[in-house]
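Geometric and topological summary
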Amino acid sequence: MARRVRKRDRLRWSLLYTFACARPAVLADDEQTPFLQGPGYSRIVHCNQSQLHGKKPLDYSSNYISTTRYNAITFLPKALFEQFRRVANIYFLLAAIISITPVSPFNPMSMIAPLAFVVGLSMAKEALEDWRRFYQDMKVNSRKVSVHNGQGQFGYKPWQKIRVGDVVKVEKDRFFPADLLLLSSSYEDGICYVETMNLDGETNLKVKRSLEVTLALEDDEAFRDFTATLRCEDPNPNLYTFVGNLEYERQVYALDPNQVLLRDSKLRNTSYIYGVVIFTGHDSKVMQNATESPSKRSRIEKKMDKIIYILFTVLVLISLVSSIGFAVMTKYDMPNWWFLEPNNTTSLYDPSKPVLSGVFHMVTALILYGYLIPISLYVSIEVVKVLQATFINQDVLMYDEEIGKPARARTSNLNEELGQVDTILSDKTGTLTCNQMDFLKCSIAGVSYGVRASEVEIAAAKQLASEASGSPEHHDDTEELGEDNAGFYGTSEIELANGITCMVEKSHKPAIKGFSFEDDRLMHGNWTNEPAASTILMFFRILALCQTAIPEHNKETGGFTYEAESPDEGAFLVAAREFGFEFCKRTQSSVFIREKYSPSEDPVEREFKILNLLEFNSKRKRMSVIVRDEGGQIILLCKGADSIIFDRLSKNGRLYENDTSKHLNEYGEAGLRTLALAYRMLDESEYSAWNTDFLKAKTTIGPDREAQVERVSEKMERDLILVGATAVEDKLQRGVPQCIDKLAQAGLKIWVLTGDKIETAINIGFACSLLRQGMKQISLSITNIDLLTHDANKAAKENLSMQITNAFQMIKLEKDPDAAFALIIDGKTLTYALEDDLKNQFLSLAVDCASVICCRVSPKQKAMVTRLVKEGTGKVTLAVGDGANDVGMIQEADIGVGISGVEGMQAVMASDFSISQFRFLERLLVVHGHWCYKRIALMICYFFYKNIAFGLTIFYFEAYTGFSGQSVYDDWYMLLFNVVLTSLPVISLGVFEQDVSSEVCLQFPALYQQGPRDLFFGWYRIIGWMFNGLSASIIIFLLNIAIFYHGAFCAGGQTADLAAVGTTMFTCIIWAVNVQIALIMNHFTWIQHLFVWGSVVAWYLFLVAYGLSSPTISGNSHQILSEALGPAPVYWSATLLVTAVCNIPYLVHISFQRTFNPLDNHVIHEIKHYKKDVEDQHMWKREKSKARQKTKIGFTARVDAKIRQLRGKLHRKVSSLTIHTVS
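Residues numbered from 1 in each chain as written. Predicted model: local features only at pLDDT ≥ 70, side-chain atom pairs only at ≥ 80, totals over all residues. Heavy atoms only, no water.

Our working definition: UniProt positions are given in the numbering used here, feature names are shortened, and annotations may be inferred rather than shown by experiment.
As annotated in an unreviewed UniProt entry, the chain carries the name Phospholipid-transporting ATPase and is attributed to Musa acuminata subsp. malaccensis. What UniProt records for the chain under Sequence similarities (unreviewed entry) is the sentence "Belongs to the cation transport ATPase (P-type) (TC 3.A.3) family. Type IV subfamily." The chain has a UniProt comment under Catalytic activity (unreviewed entry) that states "ATP + H2O + phospholipidSide 1 = ADP + phosphate + phospholipidSide 2."

What follows is the structure in structure tokens.
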């Protein structure tokens, strides 16, 4: 059966790439070495003898992988370390230890229990989140693969049990479990097709080829006696290099990357392969590119530590003041206080040792005033963040119905960080794109065909129509452009070209994937009636023949689908099929096309013999195929970048050059990616002579082989005749351009880091509006440096430094305010740019550019760029990707977002948040990020406010009573203050607060900048809240003392005692802080009303219950409310007065701010309050247009550029008409 499969595969596949692959040869006698020498090349693999790798020095790592932060042994110490990185927890740990001593003013359990609860809850949350990572790891480790068990028998084993030296059999569409040496495949010549999207982001298939000597290992039985020894490089992160030798049957064979299959790449279009395991687990190249899962903390949490330091300093200072005061009182006044029995004292208050007494009192005061530092702050934040994460998880607007996956907050530590992002670093393939392209327009023989409009043209038409009707000037309609934009069509494109606006109609979605072309002049065989029918025929044949795709017969539809190397190649083949030129068959030497000139005719199958194929690469920027048609005519068909093709045209081949150039510019302005098509007729003798040179160059062995091939190819690809050009529209993931546009309006910078080639990345940049026509591209490259010189690195860096300096100068001298610059750099150049002496210069240039695209970067470089941006700018970075090659970048960024698409879960497992499509990033940041930042910021500020207001009253009273160490409040009051009476309102603030609705967040994206600018948690705001707490504490203490100091407070003439004053003062605090939180809330639900006013009611209920308890429990507070304070009007009037006066400073501040310096959300509140958003749409839209950060990237910027161009055309047309009329 295996042999039959091989035969079938051979006919369809095996020789397609033989022109590009040179067989690895046996090393010559003088080159043979029994092993590779030197450090870094010490790995020895005994093939099919994995048992030999169980002892040192061959005891290699297992294939078990882990992305967790903890394990069973390290969890306790590491989790405790994480908890006690928080300075407040350190303080309360020390306080808990001291509470065991006699100097403590409280019961030890009152200090130990809250700390244990807070730390334990946080550790439990960490354990739960890490368990989820562990579960994902186990799913990967438990995947099954067929492994040779001996005696020619294969059986399935989980990935984690694979060992170095094992022979494995991987089947079609399965991932490789480790780094393998390819031994043989289901194809006769040992090739296989591999998808490396998880490694480098590319979806086009790579061809791998086994050594010729191992081709005989064609079935399971062949491995019964197979043994070999492999000597190679040690584990390293280089994805594109491999050095090794295979010793087999007493011969040594050189190995290169073409024989290596990397873990997490996928076997495609190949029934099976056999391979031997080289690197396992964390030794594999993809895992070598992974960085250790970091423990991330948000900037707000780090700043909160600084506030804790400040409060701790205040705590020490007032404790020092208290201890000095106590020492003075103990020395000079205590001997006169006979009622304290000064002669019968302990060292805690000994008049003869005032300094020692002061030191002991210092410790007491540190614990007594500890309420300045809120122990419940951290646990409250943990609870709030978990609830915020739950809301993110349950947001139905971030749920992908197609794959059934919601957004997931995999860690809740960084919720507020989502609202402070400055720079987004994104992968391309699978993140921005879905690798689908639509054939939209074409230019043939100087005539433009295709009447459908691109997304850019649609938006421009709507905007101009809006302006003509007198509507507001900005692009509200661009928000309505959704996933169906490809379905819009009409006469927009033709009319826009004449500078006239029009209405844009909406059509059904195109029924044919990859083909959105609409023009009856070419469809249904009507092209035969065109004047240049012969040129059109050649155009269609170039589309159908100049490719390397494989046709797959679709049994359901009866037609063909195509496995193409690139999405645009697939779109060309679909277009050719729809035009009547269907590519239906490929053999070892021929391509068959079914040509159908009219609907009434039967298709005619024509055979074209493939003589040579000149490959596309980033340097050539073109691809050619030389074919022989049925009449024996040899033709070179070529497609490539217009600048490359135009330079190679013959004098007779430039007939359509001017018209085609004009159409190419129009297509580019419309956001389409273009290629020019040309051909050349060859005579037999010329071709034969050239082919001899070409074959000689292809078989050359040496470093200049590629240069020789290129030189020979250049001789043939000249004197071309231009046929026309194609224009395809990139199919990005649904909503990507709109998402990028919204993020740009919100003021975020977007970088693209991709392993893809530079041309593809640039085209994607145009498609998603990171690049646009007219944007000046700064391309950094060192390809022209002679790398063979002794000072290659120095010369390369000097050249790069000069390029960066010149780019800086160009930006500086630019006078056009609308000018935008894009920085494009490849991975090789980036290696030098990231070195210490150049990285800051490179970063400064990148920051000055509107968009940055890094191409051909390795996973390690992605992480290094992310680190450079994070550390160099000092601002919050977010990395988003979907593959294993993005893991390092995701872990290095302040926030890592994984795309949970259809391919792999490595990025998701390493991420902090996961979404199923890039477009959900808009809502995650602009809505949830904004809300979470403001909620957490207000929550923390309020926490410090209420604790300062409460804690300082204890200090005032202690100072008022001679630094006695006596608290004005009952112990139960103090225990309940943070845990019960003020905890739920602040949690409701952190969970439910909304300054504006989600719709308004998206309509006013500039609101997002409140986070990066840190408006709600800057030092100005923090100090303001601290002074608010200070003023409240002074007001509460002084007013209560003033009210109760003189005279009776009850009708019976009783004066206030400590319990009465303390209870009244505490009641005022409860009312003041709860009214304050009600004033700062913008969005009320019944839950917030319940928590805020319920906390006040809970205080009174507690007072009643506490007063009714036994005097042994309630002490001096027995019946305090029902008998003492309740009947006293002064108690209620004092509560009302103090509450009102405490909140006057805040009301004055907010009134002044809203009147003279309102924030964006204040303006929106006013508009909403007076219903101007409904009654005055013009003003509402005007305000929306203002609430956008000025940006030079995104769909809006692109439409602006298009409109400026159209206005210029219209202005010139009007001017010419005026001149004509005058003349």
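A short note on the overall build of the chain
Here is the rule: Numbering of helices and strands starts at the N terminus; helices are DSSP runs of H or I of at least 4 residues and strands are runs of E of at least 2. Working definition: with a 1.4 Å probe on protein chains only, accessible area under 20% of the residue-type maximum means buried, over 50% means exposed, and in between means partly exposed. Every residue pair with non-hydrogen atoms within 4.5 Å of one another is taken to be in contact. The Shrake-Rupley method, run with a 1.4 Å probe sphere, supplies the accessible areas, and residue values consider only the shown protein chains as cover.
Looking only at helices and strands, the chain has 39 helices and 35 strands in total. Within the chain, the proportion of its 1223 residues that are buried is 57%. In the chain, the proportion of contacts linking residues at least 24 apart, taken out of those at least 6 apart, comes to 75%. Of the roughly 51000 Å² of accessible surface on the chain, 57% is carried by carbon and sulfur atoms.

What to know about the pairing of strand β3 (residues 153-158)
Just so we agree on the cut-off: At least two DSSP bridges between two strands are required for those strands to pair.
In this structure, strand β2 (residues 144-150) lies alongside β3, joined through six bridges in antiparallel fashion. Bridging from a neighbouring strand, S146 pairs with Y156 of β3. Two successive antiparallel strands, β2 and β3, enclose a turn made up of two residues, where Q151 displays a positive phi of approximately 60°.

Re the environment of L418
Turning to its location among the elements, L418 is positioned in the loop between β14 (408-409) and β15 (421-426). Judged by relative accessible area, which is 0%, L418 ranks as buried. A C-alpha to C-alpha distance of 8.7 Å links L418 and G1011, two positions 593 residues apart in sequence. Among all residues touching L418, those that are not within four sequence positions of it are I392, L878, I895, F913, L924, L925, G929 and Y1008.

A short note on the sheet that holds strand β7 (residues 206-209)
Keep this limit in mind: Lines fitted to C-alpha atoms define the axes, with helix axes restricted to the stretch in contact, and inter-axis angles between N-to-C directions lie between 0 and 180 degrees.
Across the sheet, which stays open at both edges, the three strands sit in the order β7-β6-β12 with antiparallel pairing between neighbours. Pairing within the sheet leaves two strands with one partner each, and these edge strands are β7 and β12 (266-268). Taken pair by pair, the neighbouring strands of this sheet meet at an average axis angle of 45°, ignoring direction.

Here we look at a nonpolar patch on the surface
Put simply, the rule is: Exposure above 30% relative accessible area and the absence of a salt bridge qualify a residue for a patch, where like charges join within 9 Å and nonpolar side chains (Val, Leu, Ile, Met, Phe, Trp, Tyr) within 5 Å. Salt bridges are identified by distance alone: a Lys or Arg side-chain nitrogen within 4 Å of an Asp or Glu carboxyl oxygen.
The grouping of I310, V314, W1019, I1023 and F1027 at the surface amounts to a nonpolar patch, some 430 Å² of accessible area in total. Secondary-structure elements contributing two or more residues to the nonpolar patch are α7 (299-333) and α30 (1019-1045). Among the elements that take part in the nonpolar patch, α30 stands out by supplying three residues, more than any other. For I1023, the position within the fold is in helix α30.

Points about the packing of aromatic side chains
Inclusion rule: Centres within 6.5 Å are what make two rings of Phe, Tyr or Trp a pair, Trp counting through its six-membered ring; a difference in plane orientation under 30 degrees is then read as stacked, over 60 as edge-to-face, and the rest as tilted.
According to the stated counting rule, one finds 49 aromatic pairs in the structure shown. Measuring from ring centre to ring centre gives 5.6 Å for F154 and Y274, while their planes differ by 55°; the resulting arrangement is tilted. In this pair, F154 sits in strand β3 while Y274 sits in strand β13 (residues 272-279), placing the two residues 120 residues apart along the sequence. Just as F154 is buried, Y274 falls in that class too.

Some words on the nonpolar core
Cut-off, in case you're wondering: The term nonpolar core refers to a set of buried residues drawn from Ala, Val, Leu, Ile, Met, Phe, Trp, Tyr and Cys, joined through side-chain atoms within 4.5 Å. Bear in mind that the domain bounds are from an automatic or database domain assignment.
I940, F950, Y969, Y973, F1017, F1066 and W1099 are the most contacted members of the largest nonpolar core, which totals 106 residues. Take this core: its biggest share by element is 19 residues, from helix α26 (residues 920-960). Residue assignment places this core across two domains, with domain 1 (67-143) and domain 4 (933-1157) each supplying three or more. Those residues within four positions of Y969 in sequence are excluded, and the remaining contacts are F950, T953, I954, M974, G1062, M1065, F1066 and I1069.

Things to note about the packing of α26 against helix α27 (residues 971-981)
Just so we agree on the cut-off: In this scheme, roughly parallel covers angles under 35 degrees and roughly antiparallel covers those over 145, while 65 to 115 is roughly perpendicular and the rest are oblique. Amino acids are sorted into nonpolar (Ala, Val, Leu, Ile, Met, Phe, Trp, Tyr, Cys and Pro), charged (Asp, Glu, Lys and Arg) and polar (every other residue, Gly among them).
Packing of α26 against α27 brings their axes to within 12 Å, and their N-to-C directions diverge by 175°. Considered as vectors, α26 and α27 are oriented roughly antiparallel to each other. Along the contact surface, α26 presents F943, K946, N947, F950 and I954, while α27 presents M974, F977 and N978. For the contact of α26 with α27, the per-class residue count stands at five nonpolar, two polar and one charged.

A short note on the packing of helix α32 (residues 1086-1108) against helix α35 (residues 1129-1156)
Stated formally: For a crossing to be left-handed, the near helix must be turned anticlockwise from the far one by less than a right angle; the clockwise case is right-handed.
Between α32 and α35, the shortest axis-to-axis distance is 15 Å and the interhelical angle comes to 155°. On the basis of the axis angle, α32 is roughly antiparallel to α35. When the axes of α32 and α35 are compared, the crossing they make is right-handed. On α35, the residues that touch W1099, Y1100 and L1103 of α32 are Y1131, W1132 and T1135. Class assignment for the residues of the contact of α32 with α35 results in five nonpolar, one polar and no charged.

A word on unusual backbone geometry
Residues other than glycine seldom take positive phi values, yet R250 does so here, at roughly 65°. One can find R250 in the loop between β9 (244-248) and β10 (251-255). The class of R250 is exposed, set by a relative accessible area of 85%. The residue D1014 is not glycine, and still its phi comes out positive at about 55°. Within the secondary structure, D1014 sits in the loop between α29 (998-1003) and α30.

Concerning the confidence of the model for the chain
Rule in force here: The quantity known as pLDDT measures the predictor's confidence residue by residue, on a range of 0 to 100.
Per-residue confidence for the chain averages 80 on the pLDDT scale, and 83% of its residues sit at or above 70. Scored below 50 in pLDDT, residues 470-510 shows 96 contacts in the model against residues more than four places distant or in partner chains. Here residues 785-789 is a poorly scored stretch, pLDDT under 50, and it has eight contacts once near neighbours within four places are set aside; other chains count.

A closer look at the sheet that holds strand β35 (residues 913-915)
In space, the nine strands of this open sheet follow the order β14-β35-β34-β33-β15-β29-β32-β31-β30, with mixed pairing throughout. The strands lining the two open edges of the sheet, one partner per strand, are β14 and β30 (776-780). Alignment of strand β29 (residues 749-753) against strand β32 (residues 851-855), held across three bridges, turns out to be parallel. The residue of β32 that forms the bridge with W751 is V852.

Points about helix α13 (residues 567-579)
The line we're drawing: Multiplying 1.5 Å by the residue count of a helix minus one yields the expected span of that helix.
Along its 13 residues, α13 runs 18 Å from first to last C-alpha, staying within 8% of the 18 Å computed at 1.5 Å per residue. Most of α13 sits inside the fold, with 10 of its 13 residues counted as buried. Looking one or two residues past α13, G580 carries a phi angle of roughly 105°, positive in sign.

Notes on the side chain of R622
Selection rule: Identification of polar contacts relies on pairs of N or O atoms within 3.5 Å, with a donor-acceptor requirement for protein atoms, meaning one able to donate a hydrogen and the other able to accept it, and with residues adjacent in sequence counted only if both atoms are side-chain atoms.
Here R622 lies in strand β25 (residues 622-628). Residue classification places R622 among the buried residues on the basis of a relative accessible area of 2%. At 3.3 Å, the side chain of R622 forms a polar contact with the side chain of E714. In terms of polar contacts, R622 uses its side chain to reach the side chain of E717, at 2.8 Å.

Structural notes on the pattern of salt bridges
For the structure on display, the rule yields 46 salt bridges. Across the pair E714 and R648 runs a salt bridge whose closest N-O atoms are separated by 2.9 Å. Of the two residues, E714 is situated in helix α17 (residues 705-716) and R648 in the loop between α14 (642-647) and α15 (657-669); the sequence distance between them amounts to 66 residues. The class of R648 is buried, set by a relative accessible area of 16%. As a salt-bridge pair, E892 and R867 come within 3.1 Å of each other at their nearest N and O atoms. Here R867 lies in helix α23 (residues 859-873) and E892 lies in helix α24 (residues 887-892), a separation of 25 residues in the sequence. On the basis of relative accessible area, E892 is assigned to the buried category, the value being 13%.

Remarks on the side chain of N1074
Here N1074 is to be found in helix α31 (residues 1058-1080). Since its relative accessible area comes to 0%, N1074 is described here as buried. Setting aside chain neighbours within four positions, we find N1074 in contact with Y942, L981, P985, V1092, S1095 and V1096.

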